[in-house]
Amino acid sequence: MQGRLSAWLVKHGIIHRSLGFDYQGIETLQIKSEDWHSIAVILYVYGYNYLRSQCAYDVAPGGLLASVYHLTRIEYGVDQPEEVCIKVFASRRHPRIPSVFWVWKGVDFQERESYDMLGISYDNHPRLKRILMPESWIGWPLRKDYIAPNFYEIQDAH
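Owing to the predicted nature of the structure, the values given are computational and were not obtained by experimental measurement.

A. Seen up close, the sheet that holds strand β3 (residues 50-58). Strand order in this open sheet of five strands is β1-β2-β5-β4-β3, and the pairing throughout is mixed. Looking at the sheet topology across the chains shown, the edges are occupied by β1 (17-21) and β3. Mean inter-strand twist for the sheet, computed between neighbouring axes without regard to direction, equals 20°. Taken together, the eight bridges between β3 and strand β4 (residues 65-73) define a ladder with antiparallel strand orientation. Bridge pairing in β4 links Leu 51 to Leu 71.

Set out below in C-alpha cells:
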C-alpha cells in the first residue's frame, strides 16, 4: 500500500521505495544514499520542517548499516502533524551517507552518535568526530560483529 508522501514522490518522479507503515501508521520509505541529500531538501521544502530524531542500527552481522530519520510536518492549527520515517542503507565496508545537517541543524549530535557507535561517515557534516567514546577508541561498539576488548581502563575515583 502506497502512502500519501510516496504517491507525491512518484507523481514528481522522485525515486524511492515504500517499506509500508509502522505500528502507528507512519509511512516508511527507503531512499538511496546518493539521492538522500537532494530528497531531504525536497522534503524540507514540501513541509517536513522538523527532524524528530535520527538513529542508526546494524541490520545483520556482516550486512548493511541503516540510518533512520523521523521527520514531522509541523503546521499552524494542525492537531495531528504528518510524519514519515526515512531509511537510508549503507554498505558495511565503506558506510557513507550524505549529512543533512545543513537541512535540519538538530541532526548534529545524532549523526555524530551514529558515527561514533556504528562508523557511518556522514559526508559534509561540519564536526564529525566521536561524541561518546574516547577519540583513541578502536572499532564501532554497536555493530553486531564488534568484539569487545578484554581490557578496561581503571579510573581513579578520587
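B. Inspection of unusual backbone geometry at higher detail. Of note, the phi angle at Asn 124 is positive, near 70°, even though the residue is not glycine. In this structure, Asn 124 sits in the segment after β7 (121-123). Judged by its relative accessible area of 66%, Asn 124 falls in the exposed class.

C. View of a nonpolar patch on the surface. Together, Val 41, Tyr 44 and Val 45 line one region of the surface with nonpolar side chains, adding up to about 280 Å² of accessible area. Along the polypeptide, Val 41 turns up in helix α2 (residues 36-46).

D. Quick peek at the confidence of the model for the protein. Per-residue confidence for the protein gives a mean pLDDT of 92, with 95% of residues at or over 70. Across the protein, the element-wise mean pLDDT spans from 91 in helix α1 (residues 4-11) up to 98 in strand β6 (residues 96-98).

E. Quick look at the nonpolar core. Trp 36, Tyr 69, Leu 71 and Ile 86 are the most contacted members of the largest nonpolar core, which totals 30 residues. Going through the elements one at a time, α1, α2, β3, β4, β5 (82-90) and α3 (108-118) are the ones with two or more residues in this core. With sequence-adjacent residues up to four places away left out, Trp 36 is seen in contact with Ile 31, Leu 43, Tyr 69, Ile 86, Val 88, Ile 97, Pro 98, Val 100 and Trp 104.

F. Inspection of the packing of aromatic side chains at higher detail. As enumerated under the stated definition, the model contains seven aromatic pairs in all. The interplanar angle of 65° and the centroid separation of 6.3 Å between the aromatic rings of Tyr 44 and Trp 104 together place this pair among those described as edge-to-face. Here Trp 104 lies in the loop between β6 and α3 and Tyr 44 lies in helix α2, a separation of 60 residues in the sequence. The class of Tyr 44 is partly exposed, set by a relative accessible area of 39%. Look at Phe 101 and Trp 102: their rings are 4.8 Å apart centre to centre, the planes differ by 85°, and that puts the pair in the edge-to-face class. Grouping aromatic residues by their ring pairs yields a cluster made of Trp 36, Tyr 44, Tyr 69 and Trp 104.

G. Region of interest: the pairing of β1. As defined by bridge partners, β1 adjoins strand β2 (residues 27-30) across three bridges and the pair is classed as antiparallel. Note on β2: the bridge partner recorded for Ser 18 is Leu 29. Taking the residues between adjacent antiparallel strands as the criterion, β1 and β2 are bridged by five residues, where Gly 25 takes a positive phi near 85°.

Conventions we followed
- Residues numbered from 1 in each chain as written.
- Predicted model: local features only at pLDDT ≥ 70, side-chain atom pairs only at ≥ 80, totals over all residues.
- Heavy atoms only, no water.
- Pairing = 2+ DSSP bridges.
- Helix = DSSP H or I, 4+ residues; strand = E, 2+ residues; numbered from the N terminus.
- Axes fitted to C-alpha atoms, helices over the stretch in contact; angles between N-to-C directions.
- Buried < 20%, exposed > 50% of the residue type's maximum accessible area, 1.4 Å probe, protein only.
- Patch = residues over 30% accessible without salt bridge, like charges linked within 9 Å, V, L, I, M, F, W, Y side chains within 5 Å.
- Areas by Shrake-Rupley, 256 points an atom, 1.4 Å probe, with all protein chains shown as cover.
- Salt bridge = Lys/Arg side-chain N within 4 Å of Asp/Glu carboxyl O.
- pLDDT = per-residue confidence, 0-100.
- Core = buried A, V, L, I, M, F, W, Y, C linked by side-chain atoms within 4.5 Å.
- Contact = heavy atoms within 4.5 Å.
- Phe/Tyr/Trp six-rings, centres within 6.5 Å; stacked < 30°, edge-to-face > 60°.

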